[in-house]
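# A structural walkthrough
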Amino acid sequence: MELLIAHGATILFYLFAAVVVAGAVGVVALRNPMYGALCLLATFLGVAALFLLRHAEFVGVVQIFVYGGGVMVLFLFVIMLVNLHRLREVRMLASTAPLAAVVAVLLVGMLLWAVVALPGGGAAAGAAGTAALREVAGEELGNSEAVAWVLFRDHLVAFEVASLFLLVAMIGAVVLGRKR
Amino acid sequence: MSLAPIGTGHFLVLGAILFGIGLFGILTRRNLITVLMSVELLLNSANLNLVAFAHERADLTGQVFAVFTIAVAAGEAAVGLGILLALFRLRATTELDRARELEG
């Protein structure tokens, strides 16, 4: 029990990291996209929990709403709209799978090498001050308020461009999805 | 028994692994739905790195950037699935190998 309390964050990290990796493997490895979508949901929720562990409460909740809610419903709807019979007869992977595996392993190796080459070998505890993630002008509020200040004060143009992008994406999806 | 405290490196390693799995899915799977789901895995791994660095540097810009990434991912999923529906109407399939020509 003492171990659980002393290493609570560590244990939670490994638990959710296992959920994330298992879900990702499920997405890639399962033949039926419906099962894949449910594995993807597990990955989304695991990533949201990892955001909470890094004191990104707002991003974590947005992750659950947008990914776990919106994107997931979109995927499930389309999977059910598209008739996926005769799935077992087709090959699942492209013929270039071994080459793709080599490419993916090489890329992960390079990324891990870069992590090890970080100052401090990437082992820095990263506790430069979690209070700074909740602070607005020296006053400690909440993470959402702090994010809102940075978002609307420093990145307002990017915010407006993002809203324009979402409008364009919405129109594009409607145009693509309508019946001819 | 003592476990190392969770640092930024742990998140970067997890992000790299997640990116590798997603990349493998994009390169190998023939079903467009699964390819789109693999793209979401890549975007999630990028978000993990952004949030981890925001924590390490005690700078909220990384978290704000992650919110933008989520918005872009939502738009990408909507357009991608719209293309998938259009493809399905045209060819009655979601197999990428059977969509080699871009004819209307």
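Below: a short report on this structure.

### A few points about helix H3 (residues 33–53) of chain A
Residues and elements named next belong to chain A. Across its 21 residues, H3 extends 30 Å between first and last C-alpha, which sits within 8% of the 30 Å expected from 1.5 Å per residue. Among the residues of H3, the N-terminal cap falls to Asn32, whose side-chain oxygen and the backbone nitrogen of Met34 are separated by 2.9 Å. His55 occupies a position one or two residues after H3 and carries a positive phi of about 60 degrees.

### Observations concerning the environment of B:Ile26
Residue and element names in this part refer to chain B. Mapped onto the elements of the fold, Ile26 is located in helix H1 (residues 8–28). The spatial distance from the C-alpha of Ile26 to the C-alpha of Met37 is 8.7 Å, given a sequence separation of 11 residues. Excluding anything up to four places from it in sequence, Ile26 contacts Val35, Ser38, Val39 and Leu42.

### So, the packing of aromatic side chains
Considering all chains together, one arrives at four aromatic pairs over all chains under this definition. With a centroid separation of 5.4 Å and an interplanar angle of 80 degrees, the aromatic rings of A:Phe13 and A:Tyr14 are classed as edge-to-face. Feature note: the residues A:Phe13, A:Tyr14 and B:Phe11 constitute an aromatic cluster, connected by ring pairs.

### Description of the interface of chain B and chain A
The interface of chain B with chain A comprises 73 residues on the first partner and 90 residues on the second. Between chain B and chain A, the buried area comes to about 6900 Å², and carbon and sulfur atoms account for 78% of it. For chain B, the biggest contributors to the area lost against chain A are B:Arg29, B:Met37 and B:His55; these three give 10% of the whole. Here chain B is connected to chain A by zero salt bridges.

Rules behind the numbers
- Once a new chain begins, its residue numbering starts again from 1 and follows that chain's sequence as written.
- In the order they appear in the text, chains get letters beginning with A and ligands get numbers beginning with 1.
- Residue-level local features of this predicted model are given only where pLDDT is at least 70; pairs of side-chain atoms are given and counted only at 80 or more, and the full residue set underlies all totals for whole chains, interfaces and linings.
- Remark: hydrogens and water are excluded; side-chain values derive from all non-hydrogen atoms of the structure.
- Secondary structure elements are taken from DSSP: a helix is a run of H or I of four residues or more, a strand is a run of E of two residues or more, and numbering for both begins at the N terminus.
- How far a helix is expected to stretch is found by multiplying one less than its residue total by 1.5 Å.
- Under the rule applied, a polar contact is a pair of N or O atoms within 3.5 Å (in protein, one hydrogen donor and one hydrogen acceptor; residues adjacent in sequence only if both atoms are side-chain atoms).
- A contact between two residues is defined here by any heavy atoms of the two lying within 4.5 Å.
- The rule is short: rings of Phe, Tyr and Trp, with Trp giving its six-membered ring, pair when the centres are within 6.5 Å, and they are stacked under 30 degrees, edge-to-face over 60, tilted in between.
- Values labelled buried area give the accessible surface lost by two parts on being combined, using a 1.4 Å probe and summing over both.
- Throughout this description, the term salt bridge denotes a Lys or Arg side-chain nitrogen within 4 Å of a carboxyl oxygen of Asp or Glu.

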